[in-house]
Amino acid sequence: KEIIRWATHSGDIGTHTCTATDGVGNSGRGNITFNVTGAGIHVFQGQPRGSFPNNGLVIAQETASRFNIRAFCRSDSMMSNVGELIGPEGNSIHTADPFEITRPQPGELQIIVFPNTTLTKRHEGIYTCHMPLANGVVKEINIGIYPFGFINPPTITSVILGMESSYPTLTCTSTGSPATNVTWIVRNGLMLTLRDGDSMSVNMVNYQLTQTVTNRKNSTYANKLIINTTSVDDIARYRCEVENVLGSNTKGIDLGVKILANGSARLGKEYTLTCMVSEVSNIAFSIDWSLGPGIAGKNTQLSLSPLDLSDAGNYTCTATANLINLTLAASKEVRIAIPSPVVEVTHDGGSPIFSGSVLTLTCSITLDIDVLHHRNLLTVTSRWYGPRGPLTNGSGMTVAPAVASSTEDCYTSTVVLNTVMEAGSYSCQATVKHTTSQFVMDGLNTNETRIDLQIPNVTLFLTPDTTRLPNVAPYNTFSLTCTATAPEGVVSPKTFT
């Protein structure tokens, strides 16, 4: 087989000859002529004859040349008036603009595109000849017609692993105008370029290719590779390559297990895991779920509702297809979030709060209801922050850690500021933490209160309050005393001048 790629350079213009020899002296020859239209695209001329596998005729121009453009569909039947041409939309095509349908010989159907005919988007697609054979079987021969401006490079939309006749099958779905040639790259880089119905045996493994038009109007093909083996452990390395005159595209099978999560990964909430094998169809897999060394379930969907702290961990889904000796696995961490506690910060100061007074701050921490029955596995801590950063014991203050109430649903932490000297925000951060598991996320919340300070208004006393001095010598010696008294509760008033 010789493939002549289309191009627009002048070296392709003219008559091309294909000679075939059977090795014992018999040979045959066939000619095909290319010309260049005004659009610079090659078209068939004359009478190219043959079986036209898959796509026998491609028209890639806006207006047909002055020559007739012909394609033939043949069968071994010697009956006249046989064959039918089916259009892209499933309708029977008869002689009508832009086609002429003739039967020049028995068992032969000829399709002619009229000279100087304008082809539009509605003429694009896969046309099929239904040709009855001598044994009564109807043979289908596809012909692709693509007006210039509607030709597209090949694209692979998916590569799917399935089963057909108890054998693993890879289906490569591709689009492209003109139609695509298909090459499968299989074991050890072996390349199989097969046509519809071809088969090949390599290393005791038989490969068979079928090609089906799944969308005649949009030129979509399902290229199936049937693998006559029960072991496809290296199937992930198989690749499909499609090619037409505009380019090529290659895609491997994205085979694997995906774990999908649904719900809220929060303690006490509904949560499910679903194990899905991607890029497969019509293959039965057995599912095994494991959590660490233990078995978690055997169904495709694993329900963890409502979520418990013991559900946290690394889950593995193993999918096994015994029929083709294929095992796939994937893991997913389930990290459970502890609900955040409710935090409230208050103080015992009056209004106003004087600078230098004693002030007590209180942090009240209330646990979520879903946390209460796990109290023995959890710890509650608190941290205090002032205008200049963290508050710690010493330096004029006493910080008490969070302590549970008698009902154990509420914790309290306090800070006593012996001499409050700074205004600003004072905040309490509460954390609910699991004692051991790395897969349980802390419950965290913060709240604050604003402290505004007022400089104390002191009471001044001047002693003596009245003094008369002689206005002539000798002057008397005397002293004045000014006494400042701070309000009650102010321990260390600022210095006043």
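Thoughts on the overall build of the chain
Helices and strands together make up the secondary structure of the chain, namely zero helices and 40 strands. In the chain, buried positions account for 40% of the 497 residues. Residue pairs in contact within the chain that sit at least 24 positions apart in sequence constitute 60% of those at least 6 positions apart. For the chain, the computed accessible surface area is about 26500 Å², with 49% contributed by carbon and sulfur atoms.

As for unusual backbone geometry
Between Ser-305 and Pro-306 the backbone carries a cis peptide bond, its omega angle lying at -10°. By secondary structure assignment, the location of Pro-306 is in the loop between strand 24 (301-303) and strand 25 (313-321). Following Ser-351, the chain continues into Pro-352 via a peptide bond in cis, with omega recorded as 5°. Relative to the assigned elements, Pro-352 resides in the loop between strand 28 (342-347) and strand 29 (353-354). Positive phi, close to 60°, is recorded for Glu-279, a residue that is not glycine. Take Glu-279: it is sitting in the loop between strand 21 (271-278) and strand 22 (286-291).

A short note on the environment of Glu-344
The residue Glu-344 is located in strand 28 in this model. The sequence separation of Glu-344 and Asn-447 amounts to 103 residues, and the corresponding C-alpha distance is 6.0 Å. Apart from residues no more than four positions distant in its own chain, Glu-344 is found in contact with Thr-362, Cys-363, Ser-364 and Asn-447.

Regarding the side chain of Thr-320
Topologically, Thr-320 is positioned in strand 25. A residue is classified by how much of its surface remains accessible, and Thr-320, at 16% relative accessible area, is buried. Discounting residues that sit within four places of it in the chain, Thr-320 has contacts with Ala-284, Phe-285, Ser-286, Leu-326 and Thr-327.

As for the sheet that holds strand 28
The four strands are arranged 28-30-34-33 in an open sheet whose pairing can be described as antiparallel. Sheet topology places strand 28 and strand 33 (397-404) at the edges, where each strand pairs with a single neighbour. Each neighbouring strand pair of the sheet contributes to a mean axis angle of 10°, computed without reference to strand direction. By the bridge criterion, six bridges tie strand 33 to strand 34 (residues 410-417) in an arrangement that is antiparallel. Looking at strand 34, one finds that Ala-400 is bridged to Thr-414.

A look at the pattern of salt bridges
Counted under the stated rule, the structure contains seven salt bridges. One salt bridge in this structure joins Lys-224 and Glu-164, with 3.1 Å as the shortest N-O distance. Here Lys-224, found in strand 17 (residues 220-228), pairs with Glu-164, found in strand 11 (residues 152-164); they are 60 residues apart in sequence, far enough to count as distant. Residue Lys-224 is classed as partly exposed on the basis of its relative accessible area, which comes to 26%. Taking the shortest distance from any N to any O, the salt bridge between Asp-288 and Lys-298 comes out at 2.4 Å.

Side note on the confidence of the model for the chain
On average, residues of the chain score 78 in pLDDT, and 76% of them reach the 70 mark or higher. Taken together, the stretch residues 1-11 has pLDDT below 50 and engages in 18 contacts with residues farther than four places along the chain or on a different chain. Under a pLDDT of 50 for its full length, residues 35-67 has, in the predicted model, 114 contacts with residues more than four places off or in other chains.

Side note on the state of the cysteines
Think of a disulfide as a covalent bridge from one cysteine sulfur atom to another cysteine sulfur atom. In total, this model carries three disulfides according to the counting rule given. The disulfide partner of Cys-275 is Cys-317, and the S-S distance across this bridge is 1.7 Å. Because the torsion about its S-S bond is -80°, the bridge between Cys-275 and Cys-317 counts as left-handed. On the criterion of sequence distance, the pair formed by Cys-275 in strand 21 and Cys-317 in strand 25 is long-range, its members being 42 residues apart. The burial state of Cys-275 is the same as that of Cys-317; both residues are buried. Across the disulfide, Cys-363 is cross-linked to Cys-428 (sulfur-sulfur distance 2.1 Å). With the S-S bond torsion at -75°, the cross-link from Cys-363 to Cys-428 turns out left-handed.

Let's talk about the sheet that holds strand 25
Pairing in this open sheet of four strands is antiparallel, and the strands run 23-22-25-26 from one edge to the other. This sheet does not close on itself; its edge strands, each paired only once, are strand 23 (294-297) and strand 26 (326-334). With strand direction ignored, the average angle separating the axes of adjacent strands in the sheet is 30°. Across three bridges, the pairing between strand 22 and strand 23 is antiparallel. Residue pairing across strands places Trp-289 opposite Gly-297, the latter belonging to strand 23.

Notes on the environment of Asn-152
Counting through the fold element by element, Asn-152 comes out in strand 11. With 95 residues separating them in the primary sequence, Asn-152 and Gly-247 have C-alpha atoms 9.1 Å apart.

Scoring rules and cut-offs
- Residues numbered from 1 in each chain as written.
- Predicted model: local features only at pLDDT ≥ 70, side-chain atom pairs only at ≥ 80, totals over all residues.
- Heavy atoms only, no water.
- Helix = DSSP H or I, 4+ residues; strand = E, 2+ residues; numbered from the N terminus.
- Buried < 20%, exposed > 50% of the residue type's maximum accessible area, 1.4 Å probe, protein only.
- Contact = heavy atoms within 4.5 Å.
- Areas by Shrake-Rupley, 256 points an atom, 1.4 Å probe, with all protein chains shown as cover.
- Pairing = 2+ DSSP bridges.
- Axes fitted to C-alpha atoms, helices over the stretch in contact; angles between N-to-C directions.
- Salt bridge = Lys/Arg side-chain N within 4 Å of Asp/Glu carboxyl O.
- pLDDT = per-residue confidence, 0-100.
- Disulfide = S-S within 2.5 Å.

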